[in-house]
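Take a look at the letters that make up each chain.
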Amino acid sequence: MGLEPNYIVIDGQTFSKAKLALDNHVYKNCQIDDCDLYYSGGQYELLDTHITNSRLILNHPAKGIYSALQIFKMKSPGSRIIFE
């Protein structure tokens, strides 16, 4: 029993004006145009996928993480955000 998420793999599809979830999804060889991509902070992958004219909509906790990053950048000149 691992702790890895069970990914939903979507391969070779084209989406237009759709609402898509990023969390626990792998979009492979897809075209995404004029879509709303919802993200809550979970694992995802975009492999050879092209996204145009779309919107990233952050839900909690991703929304809180984004706010923390913005505050840190504004209030901590010279500091760095490190991704590991």
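Per chain, the residues get numbers from 1 upward, laid out in the order the sequence is written. Local features in this predicted model are restricted to residues of pLDDT 70 or higher, and side-chain atom pairs are both shown and tallied only at a pLDDT of 80 or more, whereas totals for entire chains, interfaces and linings draw on every residue. Only hydrogens and water are set aside when side-chain values are computed; all heavy atoms of the structure are taken into account.

Undergrad: Would you mind showing me how to read the side chain of H25 here?
TA: For H25, the position within the fold is in strand β4 (residues 25-28). Partly exposed describes any residue whose relative accessible area lies between the buried limit of under 20% and the exposed limit of over 50%, with all areas from a 1.4 Å probe on protein chains only and scaled to the type maximum. Note on H25: relative accessible area 13%, which makes it buried. Within 3.5 Å is the distance limit for a polar contact, defined as a pair of N or O atoms, with the added protein rule that one can donate a hydrogen and the other accept it, and that residues adjacent in sequence qualify only through two side-chain atoms. Within the structure, the side chain of H25 is placed 2.7 Å from the backbone oxygen of D23, a separation counted as a polar contact. In this analysis, two residues are considered to be in contact whenever any of their non-hydrogen atoms come within 4.5 Å of each other. Every residue in contact with H25, bar those within four places of it in the chain, is listed here: Y7, I8, I10, Q43, Y44 and E45. Starting at the N terminus, helices and strands are each numbered in turn, a helix being any DSSP run of H or I of at least four residues and a strand any DSSP run of E of at least two.

Undergrad: Looking at this structure, I do not really get the environment of L58. What am I missing?
TA: Topologically, L58 is positioned in strand β9 (residues 55-58). Taking the C-alpha atoms as reference points, L58 and S40, separated by 18 residues in sequence, lie 6.0 Å from one another.

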